[in-house]
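Residue-level structural notes
Chain residues, written in single-letter form:
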2 protein chains.
Amino acid sequence: MITQESADIFEKKKSILLTNVNDGTGMVDIFIDASETITDIGHEIRKRHRGEAEYIIEGDGALVLPGLSNTHTHAAMSLLRGYADDMILQDWLSQKIWPLEAHLTGEDVYWGTKLACLEMIRTGTTAFNDMYFFMEDAARAVDEAGIRALLCYGFIDLGDAAKREHECRATEALAAHIRKLANPRIHAATGPHAPYTVSPEGLKWCAEFSREQDIPLHIHLSETEKEVNDCVAQHKKRPAALLDECGVLGPKTIAAHGCWLDDAECALLGKRGVSVSHNPASNMKLATHRALPYRELVHAGANVCLGTDGCASNNNLDLFEEMKIAALLQKFFWNDPTILAAPAALAMATTNGAKALGFGAGTLTAGAPADLILVSNRIPCNTPLHNAASNLVYACSGAAVETTICAGRVLMLEHEIPGEAEILAGASQAAAQLVKRAQSTA
Amino acid sequence: MITQESADIFEKKKSILLTNVNDGTGMVDIFIDASETITDIGHEIRKRHRGEAEYIIEGDGALVLPGLSNTHTHAAMSLLRGYADDMILQDWLSQKIWPLEAHLTGEDVYWGTKLACLEMIRTGTTAFNDMYFFMEDAARAVDEAGIRALLCYGFIDLGDAAKREHECRATEALAAHIRKLANPRIHAATGPHAPYTVSPEGLKWCAEFSREQDIPLHIHLSETEKEVNDCVAQHKKRPAALLDECGVLGPKTIAAHGCWLDDAECALLGKRGVSVSHNPASNMKLATHRALPYRELVHAGANVCLGTDGCASNNNLDLFEEMKIAALLQKFFWNDPTILAAPAALAMATTNGAKALGFGAGTLTAGAPADLILVSNRIPCNTPLHNAASNLVYACSGAAVETTICAGRVLMLEHEIPGEAEILAGASQAAAQLVKRAQSTA
């Protein structure tokens, strides 16, 4: 329920009062002025702010959470959702994914990222960590969508010096482009793809560039057993040690997957304060056969967060589903039903994810970014409500999210997102034409 | 879109014409007359039936599927959703679940089953296989909800002859009660709980009673390694062999879990034509540490279908989520991304599930039960639509279901279910009072 005409609540930042929302401890009100942060939060603070608020959203007992952070994805791969599944990783990449990606244009990445942002807004994600190509077009989509993103160009040199030069220039260009945008919701990162696709020289350059620019570094690490074995054969050390030698590991590093990390690598990542992004759905679908050593990483002091990976290998961007699959996979693989309890899974998607991405606290406190979501309490997955954290992690999907606010702006209100039909149509058309182009040259 | 006032479309069976629905091969129309079966299905058959139809539901490209079959659950445990999680199985049962269940009343089971049916209708399930207590009250809830259920009383004798007598009488009483209801949507089954909770004498009695009444038999089988080891220690044989010796295994048997079945047991279950219900979310959450040997069972000729288990150990009844987790777990555990491809996962929840429950074909063909669901095509999880089966299994959750029809009656139309608020309120209240009763005697 909103007190005024809702037509323009989506248009720009408004001062908003949320009343009667359940933050897990009880009913609170939240006031967001025209800034991008939470101005005030507490029990019945509505009395103080009712006069100032341009809009009042009556929460009516809805659960309120910080917006979720997706710490590893390739957003524009939403165009490839369902294009190829149930295949051996190498066949899947070489026969299906790469041939299609060879035909990608900037316009495709724009539409794919638009679709991805739409899905994230719908399922409660307000910030994501993206690695792909044509990232200027991705930035355009993120700017329009109203959520936050850390964008990097996927740097791949395959040990070739000329390629490396090209990738360095592309990385610099993206960082310069994003600096020029001066949009506080869009940050640049360096994106060396993985230890097996980037030479030590390339890794060192990326680490140095990240330090120089003071920007995060996003990399794939130890997803499959094969890449670990290949690394040991080639470099006489395991991947994390190789990355450390190249200066890649630090508190601004986000390493995705980590399925095959051994104890010493966990200790090293913890010591360096690395964020490790667990991507359980993708890992299971592609049969990595080992789960992230969650407990060892946490024990070592690493910041363990959550990612969906791209839609070609998941096939959605729903972090609620990912929280559940993470908690389930950890219990099943490590043979202990007490690992990764519901509150810890929630923390992975909120505080830990926010810490990894660097946009803000990932908490509901005055001064924190006004990135928050309302989850319906009048649906089966939240009935009964013995334990909010349990229901959010184990019973709800992202479809339970009814309202999404990012940087103080309402992006979805009671399941309505303006312009949704146009985005779905544009992305469908881009995907169909991409497949057509690929088939015409196949 | 519907052509007439929708107020009474829910009230009783109407003749319904669905136009422009996508059955995976292309756009079809479906006509359901006032009977409980599909009368006609095909391309543009609307011309033949437009005059007869009391209601026209314009599918507008929505995907159409047979209603899903949940082949193992304890529906009323929806009241325990989120009551206790992340615990060791034995502690969880003895400290949390059993003490609460000791206070269950028939009215609780009624409300819990109402809530479960609501959630199933919302997520596209039109038939389920239920084992619990106070099953006359469960039958009342199923009758009102409009879906189908195979109901059994959970028979547990723990080797005690007096208990066994009681359980036999309870089993007979439920079968007689359900026969008297004469509701074609509600069937009785025999429910020997498991080989470790029912004596061989009890198992034999259940097998004999099932044969005599010509009704299915529903049992837990080889969920944990411990129960298998205990069985071998006590009976000098593995659980499936024990069941076979007691006459329990046959084409009307539905055995749930099966995580620890060995090759010989798979062969035996296949030979007997048993339906095996895979419950991957529950198995992962409770850390069974081994996944159903899906490929061996299929190879042996068993009918492998899908179940959610109860809400205390899942914690929802969403078979879309279960299809995804099944496909993911099989790939991950058996180390092969090609196992349980999307079409096979869909078959588990449709044709295989329907075969197990015995209500009908689980297909969209003239003469099949008019149990069908429409899944929205204008949402992110179905955009783009390269492959409907892939999107349904890997991208969508049950929230993508917009319309549910069972036995020719519309139970949900464009996400609206009549009486939903009352069911949520009634179930919430029953759950709260149940916990209060348990705490007051703790």
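Calculation criteria
- Along each chain, residues carry numbers from 1 onward, in the same order as the chain's sequence is written.
- Starting at A for chains and at 1 for ligands, labels are handed out in the order in which the entities are written.
- Residue-level local features of this predicted model are given only where pLDDT is at least 70; pairs of side-chain atoms are given and counted only at 80 or more, and the full residue set underlies all totals for whole chains, interfaces and linings.
- Numbering of helices and strands runs from the N terminus, with a helix taken as a DSSP run of H or I at least four residues long and a strand as a DSSP run of E at least two residues long.
- Only C-alpha atoms enter the radius of gyration, while the globule expectation follows 2.2 Å times N to the 0.38, with N the number of residues.
- Three classes are used. A residue is buried when 20 or more other C-beta atoms lie within 10 Å of its own, exposed when 12 or fewer do, and partly exposed in between, with C-beta atoms placed from the backbone.
- Residue pairs are scored as contacts if the distance between their C-beta atoms, which are placed from the backbone, is within 7 Å.
- Gly falls in the polar group here, along with every residue not listed as nonpolar (Ala, Val, Leu, Ile, Met, Phe, Trp, Tyr, Cys, Pro) or charged (Asp, Glu, Lys, Arg).
- Paired strands, as defined in this entry, are two strands with at least two bridges between them according to DSSP.
- The angle between two axes is taken between their N-to-C directions and runs from 0 to 180 degrees, where each axis is a line fitted to C-alpha atoms and a helix contributes only its stretch in contact.
- Domain borders in the structure are assigned automatically or taken from a domain database.
- Expected helix span is computed as 1.5 Å times (number of residues minus one).
- Fitting of the copies onto one another was done by least squares over C-alpha atoms, counting residues only where both copies have pLDDT of at least 70.
- In these notes the angle categories are as follows: under 35 degrees is roughly parallel, over 145 is roughly antiparallel, 65 to 115 is roughly perpendicular, and the rest is oblique.
- Note: crossing handedness is left-handed where the near helix turns anticlockwise from the far helix by less than a right angle, and right-handed where it turns clockwise.
- Each nonpolar core comprises buried Ala, Val, Leu, Ile, Met, Phe, Trp, Tyr and Cys residues, the members being joined through C-beta atoms within 7 Å.
- One fitted axis covers the seven residues ending at a residue, a second covers the seven starting there, and the bend at that residue is the angle between these axes.
- The predictor reports its confidence for every residue as pLDDT, a score running from 0 up to 100.

**Observations concerning the overall build of chain A**
Helix and strand counts for chain A stand at 15 helices and 16 strands. Against the 2.2 N^0.38 benchmark of 22 Å for 442 residues, chain A shows a C-alpha radius of gyration of 21 Å, consistent with a compact globule. Along the first, second and third principal axes, the C-alpha set of chain A runs to 65 × 50 × 40 Å. Looking at the 442 residues of chain A, the share that counts as buried comes to 61%. Relative to all contacts within chain A whose residues are 6 or more apart in sequence, the contacts with residues 24 or more apart total 74%.

**A few points about the interface of chain A and chain B**
Many structure descriptions define interface size as the accessible area lost when the parts assemble. With 51 residues of chain A at the contact, the number on the chain B side is 51 residues. When residues of the side of chain A that touches chain B are traced back to their parent elements, those giving at least two are α3 (106-122), α10 (280-285), α12 (319-333), α14 (388-395) and α15 (420-441) of chain A. Tallying contributions element by element places α12 of chain A first for the side of chain A that touches chain B, with six residues. Considering only residue class, the side of chain A that touches chain B consists of 28 nonpolar, 13 polar and ten charged.

**Comments concerning the sheet that holds strand β6 (residues 68-73) of chain A**
Two orientations exist for strands paired in a sheet by backbone hydrogen bonds: parallel and antiparallel. Residue and element names in this part refer to chain A. Taking strand neighbours across the sheet as the criterion, the four strands line up as β6-β7-β8-β9 in an open arrangement whose pairing is parallel. In this open sheet, the two strands that pair with only one neighbour each are β6 and β9 (186-188). If you compare each strand with its neighbour and ignore which way they point, the axes differ by 15 degrees on average. Packed onto the sheet, helix α4 (residues 135-145) meets β7 (125-132), β8 (148-153) and β9 and runs at close to 175 degrees relative to β8.

**Comments concerning the domain arrangement of chain A**
All names here are of chain A. The domains assigned to chain A are domain 1 (16-66 + 362-417) and domain 2 (68-357). For domain 1 and domain 2, the distance between their C-alpha centroids amounts to 29 Å. Residue assignment for the side of domain 1 that touches domain 2 shows that the elements contributing at least two residues are β5 (63-66), α14, β15 (401-406) and β16 (409-412). The element contributing the most residues to the side of domain 1 that touches domain 2 is α14, with five residues. When grouped by side-chain class, the residues that make up the side of domain 1 that touches domain 2 number 14 nonpolar, six polar and two charged.

**Let's talk about helix α15 (residues 420-441) of chain B**
Between its first and last C-alpha, α15 of chain B extends 32 Å over 22 residues, near the 32 Å set by a 1.5 Å rise per residue. Looking at the buried residues of α15 of chain B, the elements they touch are α2 (89-101) and α3 (106-122) of chain B.

**What about the environment of Pro-380 of chain A?**
All names here are of chain A. With respect to the element layout, Pro-380 can be found in the loop between β14 (372-375) and α14. According to the C-beta neighbour criterion, Pro-380 is buried, with 29 such atoms within 10 Å. Expressed as a C-alpha distance, the spacing of Pro-380 and Ala-400, which sit 20 residues apart in the sequence, is 9.6 Å.

**Topic: the relation of the copies chain A and chain B**
The two copies are related by a screw operation: chain A maps onto chain B through 180 degrees of rotation and 0.0 Å of translation along the axis, at an RMSD of 0.0 Å. Between the two chains, the operation in question is that of a two-fold axis. If distances are taken from each C-alpha of chain A to the rotation axis, the shortest is found for Ala-399 of chain A, at 3.1 Å.

**Considering the packing of helix α5 (residues 161-181) of chain A against helix α6 (residues 200-213) of chain A**
Helix packing for two helices is described by the angle between their axes and how far apart those axes are. Residue and element names in this part refer to chain A. Here α5 crosses α6 at 20 degrees, and the two axes come no closer than 11 Å. In this view, α5 runs roughly parallel relative to α6, as classed from their interaxial angle. The handedness of the crossing between α5 and α6 comes out as right-handed. Of α6, the residues touching α5 (which contributes Arg-164, Glu-167, Cys-168, Thr-171 and Ala-175) are Glu-201, Gly-202, Trp-205, Phe-209 and Gln-213. Across the contact of α5 with α6, the residue classes break down as four nonpolar, three polar and three charged.

**A word on the packing of α4 of chain A against α5 of chain A**
Residue and element names in this part refer to chain A. Where α4 contacts α5, the axes come no closer than 10 Å and their chain directions differ by 25 degrees. One element, α4, and the other, α5, form an angle in the roughly parallel class. The interaxial crossing formed by α4 with α5 has right-handed handedness. When α4 is examined against α5, the residues Met-135, Glu-136 and Ala-139 are found in contact with a partner set consisting of Leu-174, His-177, Ile-178 and Leu-181.

**Re the nonpolar core**
Among the nonpolar cores identified, the biggest contains 320 residues, and Leu-151 of chain A together with Leu-151 of chain B are the most heavily contacted of them. Dropping the residues within four chain positions of it, Leu-151 of chain A is found in contact with Asp-130, Met-135, Ala-138, Ala-139, Leu-174, Ile-178, Ile-186, Ala-188 and Ala-189 of chain A.

**Focus on unusual backbone geometry**
With the exception of glycine, most residues fall at negative phi, and the peptide bonds are largely trans. That bond from Thr-383 of chain A to Pro-384 of chain A is cis: its omega, -10 degrees, falls within 30 degrees of zero. Along the polypeptide, Pro-384 of chain A turns up in the loop between β14 and α14. Residues Asn-314 of chain B and Asn-315 of chain B are joined by a peptide bond in cis, for which omega reads 15 degrees. Within the element layout of this structure, Asn-315 of chain B appears in the loop between β13 (303-306) and α12 (319-333). In this model, Asp-86 of chain B sits at a positive phi of 60 degrees, which is unusual for a non-glycine residue. Looking at the element boundaries, Asp-86 of chain B is found in the loop between β6 (68-73) and α2.

**Examining helix α13 (residues 342-357) of chain B**
All names here are of chain B. Taking 1.5 Å as the rise per residue, α13 with 16 residues should run 22 Å; its terminal C-alpha atoms sit 22 Å apart, in good agreement. Along α13, the largest kink reaches about 45 degrees and is centred on Met-348. Summarising burial for α13: 13 of the 16 residues are buried, a large majority. The positive-phi residue at the C-terminal boundary of α13 is Gly-358, with phi of around 80 degrees.

**Regarding the sheet that holds strand β10 (residues 217-221) of chain A**
Residues and elements named next belong to chain A. If you trace the four strands from one edge of the open sheet to the other, you get β10-β11-β12-β13, paired in parallel fashion. Where the open sheet ends on each side, the last strands, each with one partner, are β10 and β13 (303-306). Taken over all neighbouring pairs, the strand axes of this sheet differ in orientation by 30 degrees on average, direction set aside. When β10 meets strand β11 (residues 253-257), the two strands line up parallel, connected through five bridges.

**Section: the environment of Thr-19 of chain A**
Residues and elements named next belong to chain A. Mapping Thr-19 onto the fold places it in strand β1 (residues 16-22). With 21 C-beta atoms packed within 10 Å, Thr-19 lands in the buried category. Sequence-wise, Thr-19 and Val-304 are 285 residues apart; in three dimensions their C-alpha atoms are separated by 33 Å. If we ignore the near neighbours within four places in the chain, the residues touching Thr-19 are Asp-29, Arg-46, Ile-56, Glu-58 and Gly-59.

**Some points on the confidence of the model for chain A**
Taken over all residues, the pLDDT of chain A has a mean of 96, while the share at 70 or more is 98%. Prediction confidence for the complex, expressed as pTM and ipTM, is 0.97 and 0.97 respectively.

**What about the pairing of β14 of chain A?**
For a regular strand, side-chain orientation follows a simple rule: the groups alternate between the two sheet faces. All names here are of chain A. Here β14 shows two buried faces, one formed by Leu-372 and Leu-374 and the other by Ile-373 and Val-375. By the bridge criterion, four bridges tie β14 to β15 in an arrangement that is antiparallel. Within β15, the residue paired with Ile-373 across the bridge is Thr-404.

**Section: the environment of Arg-46 of chain B**
All names here are of chain B. If you trace the backbone, Arg-46 turns up in helix α1 (residues 46-49). In this structure the C-alpha to C-alpha distance between Arg-46 and Asn-20, which are 26 residues apart in sequence, comes to 9.2 Å. The contacts of Arg-46, once residues within four sequence positions are left out, are Leu-17, Thr-19 and Asp-29.

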